[in-house]
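# Working through the structure, step by step
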Amino acid sequence: MEKQLYKPLLSLLDTEEAIKNIKDYFEMELSESLQIKKVSAPLMIKGGQGINDDLNGVERITSFSTPDITESAIEVVQSLAKWKRVALGRYNLPVGKGLYTKMIAIRSDEELDATHSLFVDQWDWEKVITREQRTEEMLKSEVKKIYRSIKDTETYIHEYYPELKPVLPEEITFITSQELEDQYPGHTPKERENVISKKYGAVFIMKIGHTLNSGEKHDGRAPDYDDWSLNGDIIVWNPTLESAFELSSMGIRVDSISLVNQLQTAYCLERLALPFHQSVLKENVPFSIGGGIGQSRLCMFLLKKMHIGEVQASFWGDSIIEECKTQNIPLL
């Protein structure tokens, strides 16, 4: 039997309207649930401060120069994990309160496919906590709030478009990366994510960054923002793609001890001399928890799209554009 071409559930115009509705509603839900206020965020920052992220530790940062600014390179942000922590102090936010922003980034080393693009947009959030709140219980509590906001948004958009049937389970399941490896030792990390997300519908995989008992990592993490023992990813099962689908990465941020330990593990202790890292060592920035939630990722999942280019206007090569045409995938 000939395979049927993909047919989007919403028209191009309805898709644009639905994207706006999802973003507006989820942003309101997230703000109220986490007690965070919206602030402005930069697209570009000064290089050499240790604030821009290298994500998995290998991605190149896009930078440029300008005749009017010669003292340092100008870097396009890859994420705002460290910038937000500094901003918490600048805004003098109390414990239990935080901020969020609409982050736009360019990741030039991204491998382009149906779920990855050069253009990255996410809700970046950060919240002040105490030293005593740097616990797994605190992490799980915030994960549950975010998941509830995602599920409520799924219900909300279903009311607008009945053809978008809800698929998320009532609760999110928690599992560590080591527990996941122990359960499925013969699988790759991505295969494990597929199995566990299909089984439960929505999972939070904890403790990402350390080497597992097998000698491999579940996934890479930069050593200087998340505490690898107190972080994780929200992964859901995507029935449209028939695969695991990451919606958020988050965690309790490093303190002076975990920062040194992780930099040592990653063989980059020289970063301790950078201004941001010095501020963590001297406790001149608040203890915090934070993360990023993909805007296009959430829209893609809730609108049951096959390609991230259906919910964002990014840049694609000719081969990808042609491939999407043959599969009846309308790129924005």
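The structure we're discussing is the one just above.
Read on for a plain summary of the structure. None of the values given here were measured: they were computed from a predicted structure.

### Section: the overall build of the protein chain
In terms of helices and strands, the protein chain carries 9 helices and 11 strands. The C-alpha radius of gyration computed for the protein chain amounts to 20 Å, which stays within 12% of the reference 20 Å derived for 332 residues, consistent with globular compactness. Overall, the C-alpha framework of the protein chain stretches about 65 × 55 × 40 Å when taken along its three principal axes. Out of the 332 residues belonging to the protein chain, those deemed buried represent 51%. Approximately 15600 Å² of the protein chain is accessible, and the part contributed by carbon and sulfur atoms is 52%.

### Section: the layout of surface pockets
Taken as a whole, the largest pocket holds about 1200 Å³ of empty space. If you trace the largest pocket, you find 48 residues lining it, with Arg107, Glu110, His116, Glu246 and Arg297 closest to the centre. Where the lining of the largest pocket is concerned, the elements lending two or more residues are α2 (81-90), β6 (119-128), α5 (189-200), β10 (243-253), β11 (288-294) and α8 (295-302). Among the elements that line the lining of the largest pocket, the one with the most residues is β10, at 9 residues. Of the residues belonging to the lining of the largest pocket, the class tally is 14 nonpolar, 17 polar and 17 charged.

### Details of the packing of helix α3 (residues 136-160) against α8
Packing of α3 against α8 leaves a shortest axis separation of 11 Å and a crossing angle of 50 degrees. Viewed along their axes, α3 and α8 adopt a mutual orientation that is oblique. When you trace α3 past α8, the crossing you get is right-handed. Across the interface between the two elements, Ile150, Thr153, Glu154 and Ile157 of α3 pack against Leu298, Phe301 and Leu302 of α8. A class-by-class count of the residues in the contact of α3 with α8 yields 5 nonpolar, 1 polar and 1 charged.

### Some words on the pattern of salt bridges
Within the structure shown, the criterion is met by 23 salt bridges. The partner of Lys82 in a salt bridge is Asp224, and the shortest N-O contact between them spans 3.2 Å. Note that Lys82 is positioned in helix α2 and Asp224 in the loop between β8 (202-206) and β9 (226-238), a separation of 142 residues in sequence. An identical accessibility class is assigned to Lys82 and Asp224; each is buried. Linking Glu283 and Arg131 is a salt bridge whose minimum nitrogen-to-oxygen distance equals 3.0 Å. Remark: Arg131 occurs in the loop between β6 and α3 and Glu283 occurs in the loop between α7 (275-281) and β11; sequence separation between them is 152 residues. Residue classification places Arg131 among the partly exposed residues on the basis of a relative accessible area of 42%. In the salt-bridge network here, residues are joined through shared partners; they are Lys84, Asp124, Glu126, Asp226 and Arg253.

### Quick look at the nonpolar core
The biggest cluster of nonpolar side chains holds 49 residues, and the ones touching the most others in it are Trp125, Ile146 and Leu303. Examining the composition of this core, we find that 7 residues originate from one element, α3, more than from any other. Counting 12 residues, the second largest nonpolar core, distinct from the first, contains Val39, Val77, Trp83 and Met103.

Thresholds applied
- Residues numbered from 1 in each chain as written.
- Predicted model: local features only at pLDDT ≥ 70, side-chain atom pairs only at ≥ 80, totals over all residues.
- Heavy atoms only, no water.
- Helix = DSSP H or I, 4+ residues; strand = E, 2+ residues; numbered from the N terminus.
- Rg over C-alpha atoms; globule rule 2.2 N^0.38 Å.
- Buried < 20%, exposed > 50% of the residue type's maximum accessible area, 1.4 Å probe, protein only.
- Areas by Shrake-Rupley, 256 points an atom, 1.4 Å probe, with all protein chains shown as cover.
- 1 Å grid on protein atoms, 1.4 Å probe; cavity = no way out; pocket = protein on both sides within 12 Å on 5 of 7 lines; lining within 4 Å.
- Points joined across faces, edges and corners; volume = space filled by probe spheres on them.
- Nonpolar A, V, L, I, M, F, W, Y, C, P; charged D, E, K, R; others polar.
- Axes fitted to C-alpha atoms, helices over the stretch in contact; angles between N-to-C directions.
- Parallel < 35°, antiparallel > 145°, perpendicular 65-115°, else oblique.
- Left-handed = near helix turned anticlockwise from the far one by under 90°.
- Contact = heavy atoms within 4.5 Å.
- Salt bridge = Lys/Arg side-chain N within 4 Å of Asp/Glu carboxyl O.
- Core = buried A, V, L, I, M, F, W, Y, C linked by side-chain atoms within 4.5 Å.

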